[in-house]
Amino acid sequence: MAALKPIAKIAGQLPVSGIRRFFDIAASMQDVISLGVGEPDFVTPWQIREAAIYSLERGQTSYTSNWGLIELRREIGAYLQKRYKVAYRPEDQILITVGVSEGLDIALRTILDPGDEVLVPEPCYVSYKPCVSLAGGVPVAVETNAVDNFAIDVDRLRAQLTSRTKAILIGYPSNPTGVTMPRSVLQDVVRFAEENGLYILSDEIYDRLIYDGEHTCVPSLAGAYERTILFNGFSKAYAMTGWRIGYVCGPAEIMATMMKIHSYTMLCAPITGQKAALEAIKSAEPHVLDMVSQYGQRRKVMVDGFNSIGLHCHMPQGAFYAFPSVAATGLSAEDFAERLLFEQHVAVVPGTAFGAGGAGHIRCSYATSVEKIELALTRIKSFVEQLPKPTT
Ligand SMILES: Cc1ncc(COP(=O)(O)O)c(C=O)c1O
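About the thresholds
- Residues numbered from 1 in each chain as written.
- Predicted model: local features only at pLDDT ≥ 70, side-chain atom pairs only at ≥ 80, totals over all residues.
- Heavy atoms only, no water.
- Helix = DSSP H or I, 4+ residues; strand = E, 2+ residues; numbered from the N terminus.
- Rg over C-alpha atoms; globule rule 2.2 N^0.38 Å.
- Buried < 20%, exposed > 50% of the residue type's maximum accessible area, 1.4 Å probe, protein only.
- Contact = heavy atoms within 4.5 Å.
- Areas by Shrake-Rupley, 256 points an atom, 1.4 Å probe, with all protein chains shown as cover.
- Lys, Arg positive; Asp, Glu negative; His and termini not counted.
- Charge placed at Lys NZ, Arg CZ, Asp CG, Glu CD.
- Near = heavy atom within 4 Å.
- Polar contact = N/O pair within 3.5 Å; in protein donor to acceptor, adjacent residues only side chain to side chain.
- Axes fitted to C-alpha atoms, helices over the stretch in contact; angles between N-to-C directions.
- Parallel < 35°, antiparallel > 145°, perpendicular 65-115°, else oblique.
- Left-handed = near helix turned anticlockwise from the far one by under 90°.
- Nonpolar A, V, L, I, M, F, W, Y, C, P; charged D, E, K, R; others polar.
- Pairing = 2+ DSSP bridges.

Visitor: Quick question: what am I supposed to make of the overall build of the protein here?
Guide: Looking only at helices and strands, the protein has 13 helices and 12 strands in total. In terms of overall dimensions, the protein is globule-like: its C-alpha atoms have a radius of gyration of 21 Å, near the 21 Å expected for 392 residues. When burial is assessed residue by residue, the protein has 55% of its 392 residues classed as buried. Put simply, of all contacts in the protein between residues at least 6 apart along the chain, 76% involve residues at least 24 apart. When the accessible surface of the protein is split by element, carbon and sulfur atoms take 54% of a total near 16,900 Å². A gap of 3 Å separates the mean positions of the 36 positive and 41 negative side-chain charges of the protein.

See below:
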């Protein structure tokens, strides 16, 4: 019998997510407080669940249109128009996907030929680079740093530009740093993309989780609309991670190709989730505001707590992550996270899991109760206090 042939190189060589490793260890331990998870601790608001139950009771268990329910696409179009003054036609510019995750995948597969490069400012969401690789592209990390509040430096983008560069992939408010990008910087990024014929992929899944200032919707910027693919969804703002509903908007020609891939590989997003999303966008705004207000209070408790322990932490403007520096302890982010987990049973994610610029930081989610955040901070303080003072 001949030996089984090897699996695909690209898939085989994908790194294991740095987040997963910590979750696996934490899951095998007792009494762990996890600041590691990247999802709301709230349950989906009742009226949304009820709408889904009702739809099941009525026997709505079929496929939908490949594009998704037209009522949902209309609501999304009206929402984007009202909130950000961007106009997308529900018929051919809004595609309902299985989360932003599917959207990113099919968008990258739509625009990339093998070897095309995508500029990815880091630290960033763990899936961006693997998704580029799986689409046959080459992710090119562009470092951002804490000293500049993780702002994108267009000169750094320019320095990485080659004839193969095809797109830039950004996501603000940011997972993991919690920063939003100033409008002027985003406008510079758009100009850079315009000068070089690049697509902009903008993952705005945390757009509603903003505590200071306002969200900038990238396609609303001058010169952006024609080259931007916008991703958003229901996972974070409506506490609907398990329903798997997202959407992608963009120029009609690009959407038509994306739709082909979606229709062959996914057919459509699940109907029950779409019905739930429809209810969410129509009536759950008060719940969104309430959850945002609670995240806002937790954010302050966490950030003040880290700063009082001596772990410098900037105030994140959005999402639900704090990104304190652990440099003052003399430990690397990995050692800090690993020892904290084993010695004090608190799970955090080392910043290095999110790429360049994440070294010396840990990502801590405040999508958990104030009581748990306070207890975690007490444990972190004990951990830091017993460390030998680093020699300078
Ligand atoms: C920045 C970012 N984009 C996308 C996703 C995935 O979103 P979805 O649940 O819509 O697939 C996440 C989930 O953590 C995220 O943090």
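Let us keep going from here.
Visitor: Would you explain unusual backbone geometry in this entry?
Guide: Most peptide bonds adopt trans geometry, and most residues besides glycine take a negative phi value. With omega at 0 degrees, the peptide bond leading from Glu-122 into Pro-123 counts as cis. Along the polypeptide, Pro-123 turns up in the loop between strand E3 (117-122) and helix H6 (128-134). A cis amide bond, omega -5 degrees, links Tyr-172 with the succeeding residue Pro-173. The phi angle at Asn-149 is positive, at roughly 55 degrees, despite the residue not being glycine. The topology assignment puts Asn-149 in the loop between strand E4 (138-143) and helix H7 (154-159). The phi angle at Ala-239 is positive, at roughly 55 degrees, despite the residue not being glycine.

Visitor: Any chance you could explain the site of the ligand here in plain terms?
Guide: What surrounds the ligand is a group of 13 residues, the closest being Val-100, Ser-101, Asp-203, Ser-235 and Lys-236. Asn-175 places a side-chain nitrogen or oxygen 2.8 Å from an oxygen atom of the ligand. Within the side chain of Asp-203, a nitrogen or oxygen atom sits 2.6 Å from a nitrogen atom of the ligand. Protein contacts shield 92% of the accessible area of the ligand, which totals 400 Å² for the unbound molecule.

Visitor: Explain the packing of helix H12 (residues 333-344) against helix H13 (residues 370-385) to me, please; I cannot follow it from the model alone.
Guide: Geometrically, a packed helix pair is captured by the angle between its two axes and the distance between the axes. Between H12 and H13, the shortest axis-to-axis distance is 10 Å and the interhelical angle comes to 110 degrees. When the axes of H12 and H13 are compared, the pair comes out roughly perpendicular. When the axes of H12 and H13 are compared, the crossing they make is right-handed. Between H12, through Phe-336, Arg-339, Leu-340, Glu-343 and Gln-344, and H13, the contact on the second element is made entirely by Arg-379, Ile-380, Ser-382, Phe-383 and Val-384. Split into classes, the residues belonging to the contact of H12 with H13 amount to 5 nonpolar, 2 polar and 3 charged.

Visitor: Mind showing me how you'd approach the pairing of strand E8 (residues 246-249) here?
Guide: The side chains of a regular strand alternate, first on one face of the sheet and then on the other. Residue alternation in E8 divides its side chains into two sets, Gly-246 and Val-248 and Tyr-247 and Cys-249, and both sets are buried. Pairing analysis gives 4 bridges linking strand E2 (residues 94-97) to E8, with the strands arranged antiparallel. The residue of E8 that forms the bridge with Leu-95 is Val-248. In terms of strand pairing, strand E7 (residues 228-233) meets E8 through 4 bridges, oriented antiparallel. Bridge assignment links Asn-232 to a residue of E8, and that residue is Tyr-247.

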